[in-house]
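# Architecture at a glance
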Amino acid sequence: LSYALHPLALGTPVSLWVGIAAFGGLSARVAELIVWVGTLGLVFPMASLALLARAGKISDFFLTRHADRRWLYPIGLVDLSIILLLFRLYRAPPAIWATVAAGIASAACMAVANRWIKASLHVGGNAGILLALCWVEGFILWPVLALVPATIWSRVALREHTPREAATGLVLGLLPTA
């Protein structure tokens, strides 16, 4: 269940759905953008974390230790900057910019909070992206928000986070998107 609720596993198809809807449908231009964002948005951070784990700079690929997270935010900043440049080049519609701005605000809040608490990025990421989906598609999809409590349960049951850390992730994932 934890792998299925990982923000990349859950967030990637939801992001594709939101993005395609915001662009007004799938075209060759949108497909090209998806390939670029997918490559740079997924491969770059994952490869960076894998290399850091292999070099012994972080405990593991999942950033289990609180101290490991200091690497995540600079990697994410570079990644978001590249993605923003791509959105600019492809003239992304306002809905995309609003969603990305919410993600950046959430990530900034998480980076600050991480100095004191290991806020759950899984919970925050899923809460934010699922709420964005609901805003784009309307009330018909609000039941997908049930995946957020499932994510909280998973993170706490696996002892990756305390209830307080999961709650912090929830708040920091929802507020910027709301």
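## Points about the overall build of the protein chain
Summing up its helical and strand segments, the protein chain has 7 helices and 0 strands in all. Counted from the first residue to the last, the protein chain has its helices and strands arranged as α-α-α-α-α-α-α. Computed over the C-alpha atoms, the radius of gyration of the protein chain is 16 Å, within 12% of the 16 Å expected from 2.2 N^0.38 for a compact globule of 178 residues. In terms of overall dimensions, the protein chain has a C-alpha envelope of 40 × 40 × 25 Å along the principal axes. Burial status across the protein chain gives 36% buried among its 178 residues. Contacts in the protein chain between residues at least 24 apart in sequence constitute 68% of all its contacts with a sequence separation of at least 6. Summing over all exposed atoms, the protein chain offers an accessible surface of approximately 9,800 Å²; the carbon and sulfur share of this is 72%. Within the protein chain, the 7 negative side-chain charges are centred at a point lying 6 Å from the centre of the 13 positive side-chain charges.

## A word on helix 7 (residues 163-177)
Here helix 7 spans 22 Å end to end across 15 residues, near enough to the 21 Å set by a 1.5 Å rise per residue. Where helix 7 is buried, its residues meet helix 4 (94-113), helix 5 (121-137) and helix 6 (147-157).

## Section: the pattern of salt bridges
Counted according to the given criterion, the structure contains 1 salt bridge. The partner of R65 in a salt bridge is D68, and the shortest N-O contact between them spans 2.8 Å. With a relative accessible area of 45%, R65 lands in the partly exposed category.

## Quick word on the environment of L141
By the secondary structure assignment, L141 is in the loop between helix 5 and helix 6. Sequence-wise, L141 and L131 are 10 residues apart; in three dimensions their C-alpha atoms are separated by 9.5 Å. If we ignore the near neighbours within four places in the chain, the residues touching L141 are W17, L133 and C134.

## Here's the deal with the packing of helix 5 against helix 6
In a packed pair of helices, the relevant descriptors are the angle between the two axes and the axis-to-axis distance. Closest axis-to-axis distance for the helix 5/helix 6 pair is 9 Å, and the angle between their directions is 175°. Considering the angle they form, helix 5 stands roughly antiparallel to helix 6. Residue-level inspection shows H122, V123, N126, A127 and L130 of helix 5 in contact with helix 6, the latter providing L147, V148, T151, I152 and R155. Its residues assigned to classes, the contact of helix 5 with helix 6 shows 6 nonpolar, 3 polar and 1 charged.

## Section: the side chain of T177
Within the secondary structure, T177 is located in helix 7. Judged by its relative accessible area of 16%, T177 falls in the buried class. Side-chain polar atoms of T177 contact the backbone oxygen of G173, separated by 3.3 Å. Those residues in contact with T177 that lie beyond four places of it in its chain are A102, G128, L131, A132 and W135.

## Section: the packing of helix 2 (residues 28-54) against helix 3 (residues 72-89)
Two elements in contact, helix 2 and helix 3, have axes whose closest approach is 10 Å; the angle formed by their N-to-C orientations is 170°. In terms of axis orientation, helix 2 runs roughly antiparallel to helix 3. Contacts between helix 2 and helix 3 pair L33, W36, V37, L40, G41, F44, P45, S48, L49 and L52 from the former with I75, V78, D79, I82, I83, L86 and F87 from the latter. Residue classes in the contact of helix 2 with helix 3 are distributed as 14 nonpolar, 2 polar and 1 charged.

## Re the nonpolar core
The biggest cluster of nonpolar side chains holds 10 residues, and these are F23, V30, L33, I83, L86, F87, Y90, A92, I96 and V100. Per element, the largest residue contribution to this core is 3 residues, and it comes from helix 3. What L86 contacts, discounting residues up to four positions off in sequence, is L33, W36, V37 and L40. Judged by nonpolar contacts, the second largest core, of 8 residues, contains A127, L130, L133 and V148.

Calculation rules
Residues numbered from 1 in each chain as written. Predicted model: local features only at pLDDT ≥ 70, side-chain atom pairs only at ≥ 80, totals over all residues. Heavy atoms only, no water. Helix = DSSP H or I, 4+ residues; strand = E, 2+ residues; numbered from the N terminus. Rg over C-alpha atoms; globule rule 2.2 N^0.38 Å. Buried < 20%, exposed > 50% of the residue type's maximum accessible area, 1.4 Å probe, protein only. Contact = heavy atoms within 4.5 Å. Areas by Shrake-Rupley, 256 points an atom, 1.4 Å probe, with all protein chains shown as cover. Lys, Arg positive; Asp, Glu negative; His and termini not counted. Charge placed at Lys NZ, Arg CZ, Asp CG, Glu CD. Expected span 1.5 Å × (residues − 1). Salt bridge = Lys/Arg side-chain N within 4 Å of Asp/Glu carboxyl O. Axes fitted to C-alpha atoms, helices over the stretch in contact; angles between N-to-C directions. Parallel < 35°, antiparallel > 145°, perpendicular 65-115°, else oblique. Nonpolar A, V, L, I, M, F, W, Y, C, P; charged D, E, K, R; others polar. Polar contact = N/O pair within 3.5 Å; in protein donor to acceptor, adjacent residues only side chain to side chain. Core = buried A, V, L, I, M, F, W, Y, C linked by side-chain atoms within 4.5 Å.

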